[in-house]
Amino acid sequence: MGAIVKKPRVLDAAALGELFEALKAAGHTLIGPVPRDGAIQYQPIDGVADLPAGWSDFQDKGRYRLNETGEASLFDYASAPQSWKRYLHPPRLKLFSARREKGRIRFDDEAEPIPKYAFIGVRACDLNAIAIQDRVFIGNGQIDPHYAARRERAFLVAVNCSRAGGTCFCTSMGTGPRAETGYDIALTELIDDRGHRFLLETGSDAGESIAAGLDAAAAAPEDIDAAAAISERVAGNMGRSLDTEGLPEILAKNLSHPHWDAVAERCLACSNCTMVCPSCFCTSVEDTTSLEDGTAERWRDWDSCFSGRFSYVVGGQVRDSTRSRYRQWLTHKLSYWHEQFGSSGCVGCGRCITWCPVGIDITEEAAAIRATDEA
Amino acid sequence: MPEAAAVADPMVPVPYRVLRQRREIDGVHTLDFEPAEGRTPFRALPGQFNMVYAYGIGEAAISLSGDCDDTKTIRHTIRKVGAVTAGLCSLGKGDSVGIRGPFGRPWPLDEARGADIVVVAGGIGLAPLRPAIYGLLAKRERYGRIAVLYGSRSPEELLFLDELKRWRGRFDLEVEATVDHTTGGWFGQVGVVTALIDRAGFDPDNAVALICGPEIMMRFCARELEHRGMSPADIYVSMERNMACGVGHCGHCQFGPEFVCKDGPVFAYDRVEPIMTLREV
Ligand SMILES: Cc1cc2nc3c(=O)[nH]c(=O)nc-3n(C[C@H](O)[C@H](O)[C@H](O)COP(=O)(O)OP(=O)(O)OC[C@H]3O[C@@H](n4cnc5c(N)ncnc54)[C@H](O)[C@@H]3O)c2cc1C
Ligand code: SF4
Ligand code: SF4
Ligand code: FES
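Residues numbered from 1 in each chain as written. Chains lettered and ligands numbered in written order. Predicted model: local features only at pLDDT ≥ 70, side-chain atom pairs only at ≥ 80, totals over all residues. Heavy atoms only, no water.

> Mind showing me how you'd approach the overall build of chain B here?
Helix and strand counts for chain B stand at 7 helices and 15 strands. On C-alpha atoms alone, chain B measures out to a radius of gyration of 19 Å, which is about the 19 Å that the 2.2 N^0.38 rule sets for 281 residues. Once the C-alpha set of chain B is aligned to its principal axes, its extents read approximately 55 × 50 × 40 Å. Residues counted as buried form 58% of the 281 residues belonging to chain B. Of all intrachain contacts in chain B linking residues separated by at least 6 positions in sequence, the fraction that spans at least 24 positions is 69%. A total of about 11500 Å² of accessible surface is found on chain B, and carbon and sulfur atoms cover 50% of it. Averaging the locations of the 32 positively and 37 negatively charged side chains of chain B gives two centres separated by 4 Å. (Helix = DSSP H or I, 4+ residues; strand = E, 2+ residues; numbered from the N terminus. Rg over C-alpha atoms; globule rule 2.2 N^0.38 Å. Buried < 20%, exposed > 50% of the residue type's maximum accessible area, 1.4 Å probe, protein only. Contact = heavy atoms within 4.5 Å. Areas by Shrake-Rupley, 256 points an atom, 1.4 Å probe, with all protein chains shown as cover. Lys, Arg positive; Asp, Glu negative; His and termini not counted. Charge placed at Lys NZ, Arg CZ, Asp CG, Glu CD.)

What follows is the structure, encoded as structure tokens:
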């Protein structure tokens with residue numbers, strides 16, 4: 001961060017492997033998009049051959065489908081079901097083990113080797129989601145050392161979207177479709193009569209030093225224009241939109257709105273939306289003891305404001321009804337987050353819409369409250 | 001991205017051991033803890049809480065209930081309601097626990113200088129207020145009149161009875177207790193704690209109220225204090241929510257825009273009144 005932005009370069013598609021090799025040589029484990037089990041998944045990859053060449057996705061409320069396009073494109077899809085969150089903020093993590101020794105408890109901090117990732121193909125919305133989780137886990141008074149250590153080591157290769165998904169609305173949230181900041185290297189995939197290539201921009205010293213070792217010439221004005229045209233086209237093709245003007249205040253003063261009951265009639269409180277959401281950060285702690293040797297452990301697992309015991313206090317759940325849980329989710333994302341962390345908690349990635357089994361759409365629900373603002 | 005030097009994990013407790021324990025009333029125990037090694041002074045403020053870990057069972061948020069000027073021992077008063085609190089209440093001298101903390105915002109004792117003070121406690125809610133009462137009495141000259149109003153369900157459930165009696169004997173402190181029901185042998189008041197507010201001596205234009213108890217009791221008390229002319233900005237309540245971290249990371253304690261663990265548990269009533277009067281926030 002803070003580096004002087006260098007002139008864009010152009011990297012031939014055939015040379016993309018060089019970038020991957022350079023990252024591997026710098027000690028990074030590559031995590032990138034892989035077509036697997038009917039979806040794009042961010043998983044450990046070895047090289048370019050693992051990328052979803054010729055795959056694209058179709059997304060709508062409660063619907064996701066991968067399609068073969070027969071094209072040469074490597075990054076022609078929208079949000080993958082899971083985000084990078086699962087690598088920086090793992091779904092399940094051991095926090096300590098403990099044993100009793102000479103009348104005291106000895107706590108052993110988990111000194112696990114911290115992975116050094118390079119994420120390949122981070123979308124602009126997800127860059128913003130990572131910046132949000134930085135504020136939650138690093139910039140919020142207390143630091144989560146597990147997150148901080150993974151985050152510090154991570155190298156982010158953004159790839160600008162070349163198509164908007166059916167549930168995307170990053171333009172409404174001011175988070176995309178073009179990666180503006182927060183990346184080490186940003187690529188835009190260009191396929192036209194000038195060939196299959198990537199516009200390569202660097203956003204950090206680390207990015208610049210990797211890029212400097214690649215066989216990538218200075219970009220021609222045509223390459224820069226082509227990339228800008230792609231982002232412009234994508235921005236005009238968003239599957240969804242959300243009017244955020246005054247929305248935090250509108251939601252905060254409509255906690256008694258009857259529309260929460262209407263959503264609750266459909267919502268299954270299944271937690272899918274919070275699990276796929278790249279910014280949702282909630283966790284629970286589980287303390288255990290081994291029957292064999294009496295050692296104790298503490299584990300941390302992702303949790304959700306939709307789950308049964310989330311708000312339990314002696315005597316019962318604070319938020320017992322589905323109505324109150326959905327209201328918590330929506331108001332946290334789109335209203336209270338601003339007060340807590342200085343931005344919306346939603347980056348418009350569309351995952352919660354796509355992966356809701358009953359097709360509840362955050363943009364529609366927020367709009368419904370706005371349309372009948374009663375307060 | 002923000003810089004993060006190698007930092008200790010706020011989720012890993014520090015080992016402590018039980019120095020002494022006493023049964024207060026049925027199901028409520030007070031435990032004193034000292035560090036299992038070393039003697040780093042423990043500095044906390046009245047109203048703050050710790051996450052107390054019962055080995056292998058789990059953790060519970062427990063408020064400081066002792067004198068915060070004592071930096072050598074940590075005192076907690078714990079009501080047995082489930083696995084963790086039962087585990088803690090069963091501990092005796094020499095047993096070990098883990099403690100993380102202190103967390104949260106304290107009672108506004110400094111800001112309340114020069115004002116009359118109304119302390120209102122319900123049930124176990126007297127425990128988190130006791131350090132505040134100690135703090136007020138330690139600097140008695142700073143404050144105007146001080147009233148301690150305490151309500152519990154029955155005479156058997158009144159906490160810190162000896163101490164209440166001792167405070168009651170002081171000329172510079174008004175102490176009133178009431179119970180909801182009595183089985184005889186109680187010569188004090190019968191009725192809800194809000195009724196005591198009517199009679200307490202304080203100047204509503206220059207008073208600060210500290211309330212801790214069940215949410216509904218705090219709401220009624222705040223309303224009563226407002227009826228007597230107090231501004232909601234001068235009324236403080238201590239909120240309880242589910243807590244799994246204490247440091248703003250787990251999300252459980254959210255209460256509207258607030259994280260109870262770090263923005264609270266003590267809140268000025270004007271800040272939380274709009275959401276406190278709604279259900280299931
Ligand atoms: C700021 C604060 C201060 C408190 N101060 C005191 C005090 O001074 N004395 C006292 O006796 N009690 C206090 N409590 C309440 C105490 O934290 C709960 O009674 C305790 O967590 C119950 O745990 P349990 O396992 O014994 O109960 P159970 O009812 O068995 O709990 C079952 C499960 O629910 C969870 N649970 C229940 N209540 C809570 C909670 N509030 N937060 C997180 N998880 C919960 C437990 O983790 C457990 O897994 C305080 C609570 C808060 C938030
Ligand atoms: S709330 Fe939905 S659209 Fe917004 S960031 Fe989360 S998953 Fe994406
Ligand atoms: S929306 Fe729910 S799960 Fe997501 S961060 Fe907020 S409280 Fe946690
Ligand atoms: S207790 Fe975890 S965020 Fe407050």
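> Help me understand the sheet that holds strand S13 (residues 283–289) of chain A in this model?
Neighbouring strands of a sheet are bound in pairs by backbone hydrogen bonds; such pairs are parallel or else antiparallel. Residue and element names in this part refer to chain A. Strand order in the open sheet formed by 4 strands is S7-S6-S14-S13, and the pairing between neighbours is antiparallel. Because the sheet does not close on itself, it has two edges, and the strands there are strand S7 (104–109) and S13. Looking at each pair of strands side by side, their axes are set apart by 25° on average, direction ignored. Strand direction decides the pairing type here: strand S6 (residues 92–101) and S7, joined by 6 bridges, are antiparallel. In the sheet register, Glu-101 faces S7, and the bridge partner there is Arg-104. (Pairing = 2+ DSSP bridges. Axes fitted to C-alpha atoms, helices over the stretch in contact; angles between N-to-C directions.)

> So what exactly am I meant to see when it comes to the pairing of strand S12 (residues 235–238) of chain B here?
Within a regular strand, side chains alternate between the sheet's two faces. Residues and elements named next belong to chain B. Neither face of S12 is exposed, since Ile-235 and Val-237 on one face and Tyr-236 and Ser-238 on the opposite face are all buried. Two elements, strand S11 (residues 207–212) and S12, share 3 bridges in a ladder whose sense is parallel. Each residue of the ladder has a partner; that of Leu-210, found in S12, is Tyr-236. Considered for its hand, the β-α-β crossover made up of S11, helix H5 (residues 215–227) and S12 is right-handed. Relative to strand S15 (residues 266–268), S12 runs antiparallel, the two being bridged by 3 bridges. Residue pairing for S15: Ser-238 is matched across the bridge by Val-266. (Right-handed = clockwise from strand over helix to strand, strands pointing away.)

> How do you make sense of the site of ligand 1 when you look at a structure like this?
Neighbouring ligand 1 are 22 residues; Ala-61, Thr-77, Arg-79, Thr-85 and Met-243 of chain B lie closest to it. With respect to ligand 1, the side chain of Arg-309 of chain A contributes an N or O atom lying 3.3 Å from an oxygen atom. Contacts to ligand 1 include Ala-83 of chain B, whose backbone N or O atom sits 3.4 Å from an oxygen atom. Isolated, ligand 1 exposes 850 Å² of accessible area, and the fraction of that covered by the protein chains is 84%. Put simply, the parts of the chain that give the shell around ligand 1 at least two residues each are strand S15 (312–313) of chain A together with strand S4 (58–63), strand S5 (74–79) and helix H1 (83–89) of chain B. In terms of residue count, S4 of chain B provides more of the shell around ligand 1 than any other element does, 4 residues in total. Residue composition of the shell around ligand 1, grouped by class: 13 nonpolar, 5 polar and 4 charged. (Near = heavy atom within 4 Å. Polar contact = N/O pair within 3.5 Å; in protein donor to acceptor, adjacent residues only side chain to side chain. Nonpolar A, V, L, I, M, F, W, Y, C, P; charged D, E, K, R; others polar.)

> Just checking my understanding: could you explain the site of ligand 2 for this structure?
Around ligand 2 lies a shell of 13 residues, among which Cys-277, Cys-346, Cys-349, Gly-350 and Cys-352 of chain A are the nearest. Partitioned by chemical class, the residues of the shell around ligand 2 number 9 nonpolar, 2 polar and 2 charged.

> Is there a simple way to explain the sheet that holds S4 of chain B in this structure?
All names here are of chain B. Within the open sheet, the 6 strands sit side by side as S4-S3-S6-S1-S2-S5. Their pairing is antiparallel. The open sheet is flanked by S4 and S5, the only strands paired with a single partner. This sheet shows a mean twist of 40° between the axes of neighbouring strands, independent of strand direction. Strand direction decides the pairing type here: strand S1 (residues 14–25) and strand S2 (residues 28–35), joined by 8 bridges, are antiparallel.

> It is not clear to me how the domain arrangement of chain B should be interpreted in this structure. Could you clarify?
Reports of interface size often rely on the accessible area that becomes lost once the parts have come together. Residue and element names in this part refer to chain B. The domain boundaries assigned to chain B delineate domain 1 (3–103) and domain 2 (116–276). If you look at the interface, domain 1 gives 24 residues, while domain 2 gives 21 residues. Carbon and sulfur atoms supply 67% of the area that domain 1 and domain 2 bury against each other, a total of about 1700 Å² over both sides. Broken down residue by residue, the surface that domain 1 buries against domain 2 is led by Ile-25, Gly-47 and Phe-49, which jointly contribute 24%. At the junction of domain 1 with domain 2, the criterion picks out 0 salt bridges. Summed over the shared surface of domain 1 and domain 2, the result is 2 residue pairs in polar contact (both at pLDDT 80 or more). Of all the secondary structure elements, the ones that give two or more residues to the side of domain 1 that touches domain 2 are S1, S2, strand S3 (49–54), S4, S5 and strand S6 (96–103). (Domains from an automatic or database assignment. Buried area = accessible area lost by both parts, 1.4 Å probe. Salt bridge = Lys/Arg side-chain N within 4 Å of Asp/Glu carboxyl O.)

> Looking at this structure, how should I read the interface of chain A and chain B?
Between chain A and chain B, the residue contacts involve 57 residues of the former and 52 residues of the latter. Interface of chain A and chain B: buried area, both sides summed, is about 4500 Å²; carbon and sulfur atoms make up 57% of it. It is Arg-104, Ile-105 and Phe-107 of chain A in chain A that bury the most area against chain B; as a group they hold 12% of the surface buried on that side. Run the count over chain A and chain B and you get 3 salt bridges. Between Arg-104 of chain A and Glu-37 of chain B there is a salt bridge, with the nearest N and O atoms lying 2.2 Å from each other. Counting the contacts that link chain A with chain B gives 22 residue pairs in polar contact (both at pLDDT 80 or more). Looking at the side of chain A that touches chain B, the elements with two or more residues in it are S6, S7, helix H3 (124–137), helix H4 (145–153), S13, strand S14 (296–302), S15 and helix H11 (322–341) of chain A. Here the side of chain A that touches chain B gets 8 residues from one element, more than from any other, and that element is H11 of chain A. Its residues assigned to classes, the side of chain A that touches chain B shows 24 nonpolar, 17 polar and 16 charged.

> Is there a simple way to think about unusual backbone geometry in this case?
Phi is mostly negative for residues that are not glycine, and the peptide bonds are mostly trans. Cis rather than trans, the peptide bond between Gly-176 of chain A and Pro-177 of chain A has omega equal to 5°. Structurally, Pro-177 of chain A is set in the loop between helix H5 (170–173) and strand S10 (185–192). Residue Pro-265 of chain B is bonded to the preceding Gly-264 of chain B through a cis peptide linkage, with omega at 5°. Following the sequence through the fold, Pro-265 of chain B ends up in the loop between helix H6 (260–263) and S15. Of note in the backbone geometry, Ala-269 of chain A takes a positive phi value of approximately 50° without being a glycine. Summarising the element assignment, Ala-269 of chain A is placed in the loop between helix H9 (259–266) and helix H10 (272–276). A residue is classified by how much of its surface remains accessible, and Ala-269 of chain A, at 19% relative accessible area, is buried. Although it is not a glycine, Ser-271 of chain A adopts a positive phi angle of roughly 80°. Along the polypeptide, Ser-271 of chain A turns up in the loop between H9 and H10.

> Please clarify how helix H13 (residues 362–371) of chain A should be interpreted in this entry.
In an α-helix, one full turn covers 3.6 residues, which means residues spaced three or four apart are oriented alike. Along H13 of chain A, the positions that sit buried rather than exposed are Ile-362, Thr-363, Glu-365, Ala-366 and Ile-369 of chain A. In this structure, the buried side of H13 of chain A is in contact with helix H8 (247–252), H9, H11 and helix H12 (351–354) of chain A.

> How do you make sense of the domain arrangement of chain A when you look at a structure like this?
All names here are of chain A. In terms of domains, chain A is made up of domain 1 (9–92 + 109–235) and domain 2 (247–284 + 305–371). On a C-alpha basis, the centres of domain 1 and domain 2 stand 27 Å from each other. In total, domain 1 and domain 2 occlude about 2300 Å² of area from one another, counting both sides; carbon and sulfur atoms represent 60% of this. Sorting the residues of domain 1 by area buried against domain 2 places Lys-61, Ile-132 and Phe-169 first, and these three jointly supply 23% of that buried surface.

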